[in-house]
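Coordinates in review
These are the residues of each chain, in order.
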Amino acid sequence: QVQLVESGGGLVQAGDSLRLSCAASSGTFSDYAMGWFRQAPGKEREFVTAIRRDGGSTYYTNSVKGRFTISRDNAKNTVYLQMNSLRPEDTAVYYCAAKRTYSSGSWYSSPIQYGYWGQGTQVTVSS
């Protein structure tokens, strides 16, 4: 029902910044909560951040609080991840995901709650 395409990844040094974008094909983008997850080699997919449909609430994993910011522009069908003060441990493939269903509890941090995924974009942070 929706196609997601991430962009903006690359190779940077520790302390640098990147902004990732996720463009959605859906004409009803505002019906989806959006999330960012990441997966490093040999590790499970990890929750990074999420944002509600109207952008009113955001959620972050502790390791990125104060450094990363999620935002969305519903008029452009795009969600962003601004990453500052990058660290080598941030190195991973970053995926955006969309959730159309409503759930209670800590829905935002569980990959299985999201029905649609992008192809991922590589972020590599050197020391």
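A short tour of the structure in this document, coming up.

Criteria and thresholds
Residues numbered from 1 in each chain as written. Predicted model: local features only at pLDDT ≥ 70, side-chain atom pairs only at ≥ 80, totals over all residues. Heavy atoms only, no water. Disulfide = S-S within 2.5 Å. Helix = DSSP H or I, 4+ residues; strand = E, 2+ residues; numbered from the N terminus. Buried < 20%, exposed > 50% of the residue type's maximum accessible area, 1.4 Å probe, protein only. Salt bridge = Lys/Arg side-chain N within 4 Å of Asp/Glu carboxyl O.

1. Considerations on the state of the cysteines
- If you walk through the whole model with that rule in mind, you get 1 disulfide.
- Between the sulfur of C22 and that of C96 lies a disulfide, 1.9 Å long from S to S. Here the S-S torsion is close to 50°, and the disulfide linking C22 with C96 is therefore right-handed. Of this pair, C22 sits in strand β3 (residues 18–24) while C96 sits in strand β9 (residues 92–99); the two residues are 74 residues apart in sequence, bridging distant segments of the chain.
- Judged by relative accessible area, which is 0%, C22 ranks as buried.

2. Remarks on the pattern of salt bridges
- One pass over the full model with this rule turns up 4 salt bridges.
- The partner of R100 in a salt bridge is D31, with the nearest N and O atoms 3.3 Å apart. Remark: D31 occurs in the loop between β3 and β4 (33–39) and R100 occurs in the loop between β9 and β10 (116–117); sequence separation between them is 69 residues.
- For R100, a relative accessible area of 36% corresponds to the partly exposed category.

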